Amino acid sequence: MLEPQPTRSEAAARPELTREMLEMVFDHVENGIYLVDGQGVTLAVNRTYEEMSGFTNVQLVGRRLDEMVGPDNLFSGSASLLVLQRKGPVTATYSTSTGRKLLVKGRPIFGDWGEIRYVINTIWDLTVVQYSQKIDADTARSQMLSEEDIITCSEKMMSVVDLALRVAQTDSTLLLSGESGVGKSLLAKLVHRSSERRAKPLMQINCGAIPESLIESELFGYEPGAFTGADRRGKPGLFEMAQGGTVFLDEISELPLHLQSKLLGVIQDRSFMKIGGREPMTVDVRIIAATNRELMDLVRQGRFREDLFYRLNVVPIKLPPLRERRDDIPLLVRYFADKFNRRHRCYKQLSDELVQRLQSLPWQGNIRELENLVERLIVTTAEEIITPADAQLEPQEPELDPDATLGEMMARQERTIILSAWKKHRTTRRIAAALGISQASAARKLKRALESDIGAENQS
Ligand SMILES: Nc1ncnc2c1ncn2[C@@H]1O[C@H](COP(=O)(O)OP(=O)(O)OP(=O)(O)O)[C@@H](O)[C@H]1O
Ligand SMILES: [Mg+2]
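Let me sum up the structure you'll find in this document. As the structure is a computational prediction, the values presented were derived from the model and not from experiment. Throughout this description, residue numbers start from 1 for each chain and increase along the sequence as written. All chains are assigned letters beginning with A, and all ligands numbers beginning with 1, in the order in which they are written. With pLDDT at 70 or above as the cut-off, local features in this predicted model cover only qualifying residues; side-chain atom pairs require 80 or more to be listed or tallied, and sums for whole chains, interfaces and linings still use all residues. The side-chain figures draw on all heavy atoms in the structure; neither hydrogens nor water molecules are used.

This paragraph deals with the site of ligand 1. Neighbouring residues are identified by heavy atoms, a residue being near a molecule or strand if any of them is within 4 Å of it. Of all residues adjacent to ligand 1, which total 19 residues, the nearest are Ile-151, Ser-180, Gly-181, Lys-184 and Ser-185. Polar contact criterion, stated in full: a pair of N or O atoms within 3.5 Å, where within protein one must be able to donate a hydrogen and the other to accept it, and residues adjacent in sequence count only if both atoms are side-chain atoms. The contact in question runs from a nitrogen atom of ligand 1 to an N or O atom on the backbone of Ile-151, over 2.8 Å. Contact distances for ligand 1 include 2.8 Å between an oxygen atom and a backbone N or O atom of Gly-181. Notes on ligand 1: free accessible area 640 Å², of which the protein chains cover 88%. All accessibility values rest on the Shrake-Rupley procedure with a 1.4 Å probe; residue burial counts only the protein chains present in the view.

This is how it looks when you write it as structure tokens:
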């Protein structure tokens, strides 16, 4: 359909976008802008970027990014270089040498022949003012979160990051879910850093890692003389220490039922009783919870309070497992290889064939597993180029036993699988979920495997 054409007088009245206006917008938008050409040479940065980064135009323009990235160099990494390698958009967070944390979204602009002409980076400042309050020894586990970068180019993950950034600006409670190692903790930090609360503390606790008897005092603290054996001076809890900031409750599914109701109280009234306290204490905190289990299943089993579930699930954010965003794998491999090469002062690369092979693996342990593998390969491989053989990814040939039937050999394989699942998951319920079998059959198979394991040991 044809657009109605403006009449001559309307066209004349329409103000023109002048160079002056464009420059004004360039320098005064709230985001930093960093413009790079197709060879990775810096073309321009705006004033907001200069303020965020502490670098000036003069220091950056005309210089190649690969010369400015590295340990003890201006940048810890470069989204533009990742965009140029991947030939697609990338989201990344970086620390500057001035201790700032920046979120960068890099976009390629293509020329007529499909070549990248420019990379436009839009930058957000996520800097947290360091929380310096002394944390006493037994709160060591609920420490400040350390800084790590987020790297992704997958559509799914970028929309997760976008959603997280949008809700970060509100005080909504967030529930992050996803398998172990997908980046929930990392995302929680990003939300805190990009929120108005960034100058206040981010306190985290792993509800699954702390003995049940200690969780209540960790979370809520106690008054002087609250119980025998307590510190005489009393102790602030996590909620109190996070005042004005964010509390990150990791593995929320492991919170005992009686504390689930106390937490519900905090969410509803923003107040709670310290152990041995007489007056309720009021807190202003944003709550982020994370889980790698289906909370709804636990609700059905009566192991998680339904009302708490709905209170937490105000904004559910599900992080996709790595196998559902395989295009992130080459990018992450390069990023981790770079990171560990610097850390271990070496220059090794993973062969294209190896990266391809890595892209087809299931990655049950997600990014943590990939990160660990890349570090192990960098540290243990003698060669400069690491191949699938170095990574021992060659499919294991099953050993043929001339004295055994197919059924016997398969039973042996099954035993190996069950035992390694047991090592990893520790409960029959989790084994059942991981292997896609019923819990009853997981229990039966495990019992058999363990018995024959002991039998085998006794024989040798
Ligand atoms: N997009 C990413 N880019 C770079 N590193 C990542 C990314 N996602 C995760 N990582 C790294 O992978 C590791 C695991 O991430 P994280 O601890 O956030 O996972 P998680 O979902 O909290 O796992 P768990 O359920 O076991 O606590 C960390 O070292 C983290 O820095
Ligand atoms: Mg975590």
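Here we come to the sheet that holds strand 2 (residues 42-45). Two strands form a pair only when DSSP identifies at least two bridges running between them. Strands here mean DSSP runs of E at least two residues long; helices mean DSSP runs of H or I at least four residues long; both are numbered from the N terminus. A sheet is described by the order of its strands in space; here six strands give the open sequence 2-1-5-4-3-6, paired in antiparallel fashion. Edge positions in the open sheet fall to strand 2 and strand 6 (151-152), since each of these has one partner strand only. One ladder, built from two bridges, connects strand 3 (residues 90-95) with strand 6; its direction is antiparallel. In the sheet register, Ala-92 faces strand 6, and the bridge partner there is Ile-151. Residue contacts are defined here by distance: any two heavy atoms, one from each residue, within 4.5 Å place the two residues in contact. To obtain an axis, a line is fitted to C-alpha atoms, over the contacting stretch when the element is a helix, and the angle between two such axes runs from 0 to 180 degrees between their N-to-C directions. The strands touched by helix 5 (residues 79-86) within the sheet are strand 1 (32-37), strand 3, strand 4 (101-110), strand 5 (116-125) and strand 6, with strand 5 carrying the most contacts at an inclination of about 140 degrees.

Time to look at the sheet that holds strand 11 (residues 246-250). Read across the sheet, five strands follow the order 8-11-14-7-15 without closing on themselves; strand pairing throughout is parallel. The open sheet has two edge strands with one neighbour each: strand 8 (202-206) and strand 15 (315-318). Each strand of the sheet is rotated relative to its neighbour by a mean of 20 degrees, with strand direction disregarded. Bridge analysis of strand 7 (residues 174-177) against strand 15 gives four bridges, and the strand direction is parallel. Considered in strand 15, the bridge of Ser-177 is made with Lys-318.

All right, on to the environment of Gln-359 then. Within the secondary structure, Gln-359 is located in helix 14 (residues 352-359). On a C-alpha basis, the gap between Gln-359 and Pro-330 in space is 7.3 Å, while along the polypeptide they are 29 residues apart. If we ignore the near neighbours within four places in the chain, the residues touching Gln-359 are Arg-326, Asp-327, Ile-329 and Pro-330.

Turning our attention to the nonpolar core. Residues enter a nonpolar core if they are buried and are Ala, Val, Leu, Ile, Met, Phe, Trp, Tyr or Cys, with the set joined through side-chain atoms within 4.5 Å. Only protein chains enter the accessibility calculation, which uses a 1.4 Å probe. A residue is then buried if its area is under 20% of the maximum for its type, exposed if over 50%, and partly exposed in between. Counting residues in each nonpolar core, the largest one holds 50 residues, and the members touching the most others are Tyr-34, Tyr-49, Leu-60, Phe-75, Leu-350, Leu-358 and Leu-370. With eight residues, the top contributor of residues to this core is helix 13 (residues 328-344). Segment limits for the domains were obtained from an automatic or database-derived domain assignment. Two domains each put at least three residues into this core: domain 1 (17-125) and domain 3 (325-386). Excluding residues that lie within four positions of it along the chain, Leu-370 makes contacts with Leu-322, Ile-329, Leu-332, Val-333, Phe-336, Leu-358 and Trp-363. Within the second largest apolar cluster, 33 residues are counted, among which are Met-241, Ala-242, Val-247 and Leu-312.

Secondary-structure assignment places Ser-351 in the loop between strand 16 (349-350) and helix 14. Not counting residues within four places of it along the chain, the set of residues in contact with Ser-351 comprises Ile-385, Ile-386, Thr-387 and Pro-388.

Okay, the environment of Glu-30 next. Mapped onto the secondary structure, Glu-30 falls in the loop between helix 2 (19-28) and strand 1. Ignoring any residue separated from it by four or fewer positions in sequence, one finds Glu-30 in contact with Thr-48 and Met-52.

With that settled, the discussion passes to a nonpolar patch on the surface. The patches described consist of residues with a relative accessible area above 30% and no salt bridge, like charges being joined within 9 Å and nonpolar side chains (Val, Leu, Ile, Met, Phe, Trp, Tyr) within 5 Å. One side-chain nitrogen of Lys or Arg within 4 Å of one carboxyl oxygen of Asp or Glu is enough to make a salt bridge. Among the surface-exposed residues, Leu-17, Met-21, Leu-22, Met-24 and Val-25 lie close enough to one another that they form a single nonpolar patch of about 470 Å² accessible area. Here Val-25 lies in helix 2. By relative accessible area, Val-25 is classed as partly exposed at 44%.

Our next topic: the environment of Arg-323. Topologically, Arg-323 is positioned in the loop between strand 15 and helix 13. Once residues lying within four places of it in the same chain are set aside, the contact partners of Arg-323 are Glu-179, Pro-362, Trp-363 and Gln-364. There is a polar contact of 2.5 Å between the side chain of Arg-323 and the side chain of Glu-179. At 3.4 Å, the side chain of Arg-323 and the backbone oxygen of Pro-362 are in polar contact.

This part takes up the pattern of salt bridges. A full pass over the atoms with the stated rule returns 17 salt bridges. In this structure, Lys-105 and Asp-162 form a salt bridge, with 2.1 Å as the shortest nitrogen-oxygen distance. In this pair, Lys-105 is assigned in strand 4 and Asp-162 in helix 6 (residues 155-168), connecting sequence segments 57 residues apart. Overall, Lys-105 belongs to the buried group, its relative accessible area being 18%. The closest approach of N and O atoms between Glu-414 and Lys-445, which form a salt bridge, is 3.2 Å. With Glu-414 in helix 16 (residues 406-425) and Lys-445 in helix 18 (residues 439-459), the pair connects residues that are 31 residues apart, well separated along the chain. A residue is classified by how much of its surface remains accessible, and Glu-414, at 30% relative accessible area, is partly exposed. Salt bridges linked by common partners bring Asp-171, Arg-197 and Asp-284 together as one network.

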